[in-house]
Amino acid sequence: MSLTIDITGLPDERLVFTPSPLAELNAMLHVLAEPGHHPALHGWASSTAATIPPELSERLREADFLWRSSRADFLVPGLPGATLAEELDAVDRVDDELYVTAALITTCGSSRLTRRMASPLSDPVANERARELALARGPRQAAFADRLLADPPAVRALVRRMLEDCQSAFFADAWQRVLPDLAADARHKADLVRLRGAGEALSAVSPSVALEQGADGRRRIVIDKLQDNATSGAASGGVTFIPTAFGRPHLLVVHAPGWRPVVQYPVAEAGLPEPVSLALVQQRLEALAHPIRLRLARTIARGPHTTGELAAAWQLSAPEVSRHLAVLRKAGLLVTRRRGRYMLYELDLAGSARLGSDLLEAVLR
């Protein structure tokens with residue numbers, strides 16, 4: 001499953017890398033709403049939540065479906081500004097129909113309210129459908145949808161004031177702290193585009209992002225996402241890539257019709273491993289799913305072994321052991337070193353641990 005962004009005919013310089021205050025604020029709000037997604041930020045989430053004024057905290061809770069499980073499109077700008085105020089001004093220029101549809105997608109559930117239906121502001125059937133879906137999600141979503149559909153300008157003003165209040169409550173300090181790293185990462189990716197081409201820059205964004213040149217001559221950015229979707233960067237004048245410090249591990253993509261495609265990607269952080277692709281995770285799980293390979297993995301987790309030692313320990317043939325070790329090695333789960341004329345195999349504990357602490361405890365038991 002993947003999202004593809006068609007960039008056929010789009011010059012590489014139209015791939016824009018730049019930080020965004022509004023996008024980073026919403027990454028922070030997501031951390032506060034879903035701290036379980038971000039274990040490395042538990043300390044920040046706890047200390048920040050404790051300092052937010054209760055009145056603002058309640059307003060954030062009432063609207064957290066705008067950023068909890070997905071992100072309203074207008075909160076991730078396609079053309080970021082230098083300040084939060086500048087980006088909020090740009091949101092104010094979005095027409096009511098586009099704004100309301102984007103807000104309802106997150107309020108009602110992105111898989112249940114399609115962007116292709118008629119405007120709920122002008123079509124009674126679409127209006128009633130939006131209210132029903134919001135009610136099914138919960139009373140807070142229903143109340144928000146009712147207010148939004150009844151008086152879009154009033155709700156838009158409330159959302160803006162809430163985001164502005166976040167600026168003084170916690171965002172300004174955090175933004176100043178992370179901005180130098182985000183700007184440096186954006187400059188580095190832009191330099192890669194200029195010096196080595198778009199493919200190199202996209203590979204540096206994430207293992208889950210790639211540039212594909214089709215046999216039909218079309219160029220596509222392919223991103224590993226939950227659903228198969230497609231959009232065009234050429235039609236909207238380009239694609240924007242926004243680095244984030246608070247968004248890890250999420251790779252967020254805005255691709256709704258009427259919006260410039262935006263990819264918000266986590267920057268590399270000292271002390272944290274680079275992300276791996278879902279395909280590699282699946283390959284590792286499949287490698288360990290075989291009972292013989294799992295047995296071998298448990299054995300070499302305790303120390304290095306040769307093929308002959310493993311064959312003797314488990315009454316297997318040497319060629320059979322070699323075949324299973326080759327699968328584990330291809331999945332990146334083995335480290336090897338030579339001892340004389342023998343090759344020693346050992347489980348890569350760091351790589352295995354990234355699949356989960358339960359797995360590591362089980363193989364070392």
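Quick note: structure is the one above.
What counts as what
Residues numbered from 1 in each chain as written. Predicted model: local features only at pLDDT ≥ 70, side-chain atom pairs only at ≥ 80, totals over all residues. Heavy atoms only, no water. Helix = DSSP H or I, 4+ residues; strand = E, 2+ residues; numbered from the N terminus. Buried < 20%, exposed > 50% of the residue type's maximum accessible area, 1.4 Å probe, protein only. Contact = heavy atoms within 4.5 Å. Areas by Shrake-Rupley, 256 points an atom, 1.4 Å probe, with all protein chains shown as cover. Lys, Arg positive; Asp, Glu negative; His and termini not counted. Charge placed at Lys NZ, Arg CZ, Asp CG, Glu CD. Pairing = 2+ DSSP bridges. Axes fitted to C-alpha atoms, helices over the stretch in contact; angles between N-to-C directions.

Some words on the overall build of the protein chain
Here's step 1: Helices and strands together make up the secondary structure of the protein chain, namely 15 helices and ten strands.
Here's step 2: The dimensions of the protein chain, computed from C-alpha atoms along their principal axes, are 75 × 50 × 45 Å.
Here's step 3: The proportion of buried residues among the 365 residues of the protein chain is 44%.
Here's step 4: Residue pairs in contact within the protein chain that sit at least 24 positions apart in sequence constitute 68% of those at least 6 positions apart.
Here's step 5: Of the roughly 18000 Å² of accessible surface on the protein chain, a fraction of 54% belongs to carbon and sulfur atoms.
Here's step 6: Here the protein chain carries 42 positive and 42 negative side-chain charges, and the mean point of each set is 9 Å from the other.

Regarding the side chain of Thr306
Here's step 1: As for its placement among the helices and strands, Thr306 is situated in the loop between helix H11 (291-300) and helix H12 (307-314).
Here's step 2: Contact partners of Thr306, with chain neighbours within four places excluded, come to Arg339, Tyr342, Met343 and Leu344.

Some thoughts on the pairing of strand S10 (residues 342-347)
Here's step 1: For strand S9 (residues 334-339) and S10, the ladder comprises six bridges, and the chain directions are antiparallel. Note on S10: the bridge partner recorded for Arg338 is Met343.
Here's step 2: Hairpin remark: S9 followed by S10, antiparallel, with two residues in the connecting loop; positive phi at Gly340, about 65°.

Examining the sheet that holds strand S2 (residues 15-17)
Here's step 1: Across the sheet, which stays open at both edges, the four strands sit in the order S2-S6-S8-S7 with mixed pairing between neighbours. Single-partner strands in this sheet number two, and they are S2 and strand S7 (252-254). Shown here is a sheet whose adjacent strand axes are inclined to one another by a mean of 20°, direction ignored.
Here's step 2: Of the pairings in the sheet, the one linking S2 to strand S6 (residues 239-244) comprises three bridges and is parallel in character. In the strand pairing of S6, Leu15 is matched with Val239.
Here's step 3: Along the sheet face, helix H1 (residues 21-33) touches S6 and strand S8 (262-266) and points at about 50° away from the line of S6.

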